[in-house]
Amino acid sequence: LPTTRYDDIVIHPRTHDLVLATHGRSIWILDDASPIAEWSGDIATRPSYFFAPARATLMQYWEDISNTAHGMYGGENPADGAELTYYLSKPANKVRLIVRGQDGRVVREIAGGSSAGVIHRVTWDLRHEPPPATPGGGGGFGGEEGGGPPPAATGRAGTPAPIQLPIPTHDIGNRGPYVSPGRFTVTLDVDGQTSTQALEVRSDPALAIPVAQQRAREAFLLDVQATQVQVEQRASELRAMRAEATGADSAALQTLERRLTGGRDAPRAKLGGIARGFNGSGAQQGSFAPPTELHRQILSEAKAELAAVEEAMKKRRP
């Protein structure tokens with residue numbers, strides 16, 4: 001903390017945030033200070049320690065970033081999602097946080113900071129992996145930002161180590177689907193040594209959408225994303241085939257590729273439109289509502305066109 005005078009210190013009773021008021025007109029907030037309360041000399045001597053995460057909430061916002069700049073005169077809100085906090089007593093080569101659903105399947109894998117003597121904090125945005133990037137669309141699998149590992153810091157045994165601010169785990173231009181409410185497990189993997197904590201994700205208390213419908217949305221969007229992957233894989237294969245073709249064969253392969261990727265009626269555009277509408281883009285957060293029959297029809301049409309192109313590709317392969 002900067003050297004200054006703090007007149008009031010309060011622990012928020014519900015969220016366990018540490019709130020400090022200065023002698024001037026500033027307020028400094030550390031979101032969820034419970035790891036500091038849990039800190040001990042024993043934790044400081046362990047190679048790694050994974051603090052139990054607090055319950056996370058899926059929140060429905062109109063937008064997740066301000067678009068009025070300084071006119072808001074407001075403080076920065078904490079990052080959306082689940083805060084995952086861990087400590088390392090010695091440097092690590094590779095740190096991963098692996099989120100799994102109740103069925104044991106991996107939902108998200110997040111890279112974490114690896115420096116020693118720091119309480120690291122990573123925020124999972126409660127989404128699946130982002131869809132693959134399309135040409136000119138930016139982003140990519142993972143969509144993570146935050147650069148390299150944070151600088152090293154030291155802490156004395158028995159005293160709380162410095163806290164590294166959260167690492168964002170999403171790119172607002174390329175997002176995966178939100179998970180539905182439920183129970184998850186998060187595994188901290190530090191160079192092969194693992195520890196696991198349970199995590200509850202609840203629905204927005206003000207959101208009148210049943211959990212069953214949110215699960216239907218999640219399953220639908222994962223189907224959309226899987227079809228997106230197939231479309232991009234077939235388009236890449238067609239480009240590779242064209243590189244070895246000439247004349248009429250090359251033109252025919254180009255036509256097949258355009259059936260997948262060219263124009264607003266192609267599967268790429270149709271699937272991308274669904275994904276952006278539900279997963280959000282830029283200042284738009286997205287939607288937790290279930291898909292409509294029209295959404296399902298568009299997906300079915302995209303799958304049919306993909307299947308037709310794949311059948312035509314089989315006939316052109318040696």
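This text goes with the structure placed above it.
Here's a quick rundown of the structure. No experiment lies behind these values; they were computed from the predicted model shown.

### Looking at the overall build of the protein chain
Here comes step 1: Secondary structure summary: the protein chain contains six helices and eleven strands in total.
Here comes step 2: Expressed as a percentage of its 318 residues, the buried residues of the protein chain come to 38%.
Here comes step 3: Once local pairs closer than 6 in sequence are excluded, the contacts in the protein chain between residues at least 24 apart make up 69%.

### A short note on helix H4 (residues 247-261)
One full turn of an α-helix is made of 3.6 residues, so residues set three or four places apart face in the same direction.
Here comes step 1: Between its terminal C-alpha atoms H4 stretches 21 Å, which fits the 21 Å expected from 15 residues at 1.5 Å a residue.
Here comes step 2: Taken as a whole, H4 has its buried residues at Ser 250, Ala 252, Leu 253, Leu 256, Glu 257, Leu 260 and Thr 261. Seen from one end, H4 has its buried residues packed into an arc of 165°, which puts them on one side. Along H4, exposed side chains directed more than 90 degrees from the buried face belong to Gly 247, Ala 248 and Arg 258.
Here comes step 3: In this structure, the buried residues of H4 make contact with helix H3 (211-243), helix H5 (267-279) and helix H6 (293-316).
Here comes step 4: Gly 263 sits one or two positions beyond H4 and adopts a positive phi of about 90°.

### Side note on the side chain of Glu 218
Here comes step 1: Inspection of the secondary structure puts Glu 218 in helix H3.
Here comes step 2: Although Glu 218 is buried, it makes no salt bridge; Arg 217 carries the closest opposite charge, 5.4 Å away.
Here comes step 3: One polar contact links Glu 218 to His 128, side chain to side chain, over a distance of 2.7 Å.
Here comes step 4: Here Glu 218 is in contact with His 128, Tyr 178, Val 179 and Ser 180, once residues within four sequence places are set aside.

The rules we used
Residues numbered from 1 in each chain as written. Predicted model: local features only at pLDDT ≥ 70, side-chain atom pairs only at ≥ 80, totals over all residues. Heavy atoms only, no water. Helix = DSSP H or I, 4+ residues; strand = E, 2+ residues; numbered from the N terminus. Buried < 20%, exposed > 50% of the residue type's maximum accessible area, 1.4 Å probe, protein only. Contact = heavy atoms within 4.5 Å. Expected span 1.5 Å × (residues − 1). Arc of directions from axis to C-beta. Lys, Arg positive; Asp, Glu negative; His and termini not counted. Salt bridge = Lys/Arg side-chain N within 4 Å of Asp/Glu carboxyl O. Polar contact = N/O pair within 3.5 Å; in protein donor to acceptor, adjacent residues only side chain to side chain.

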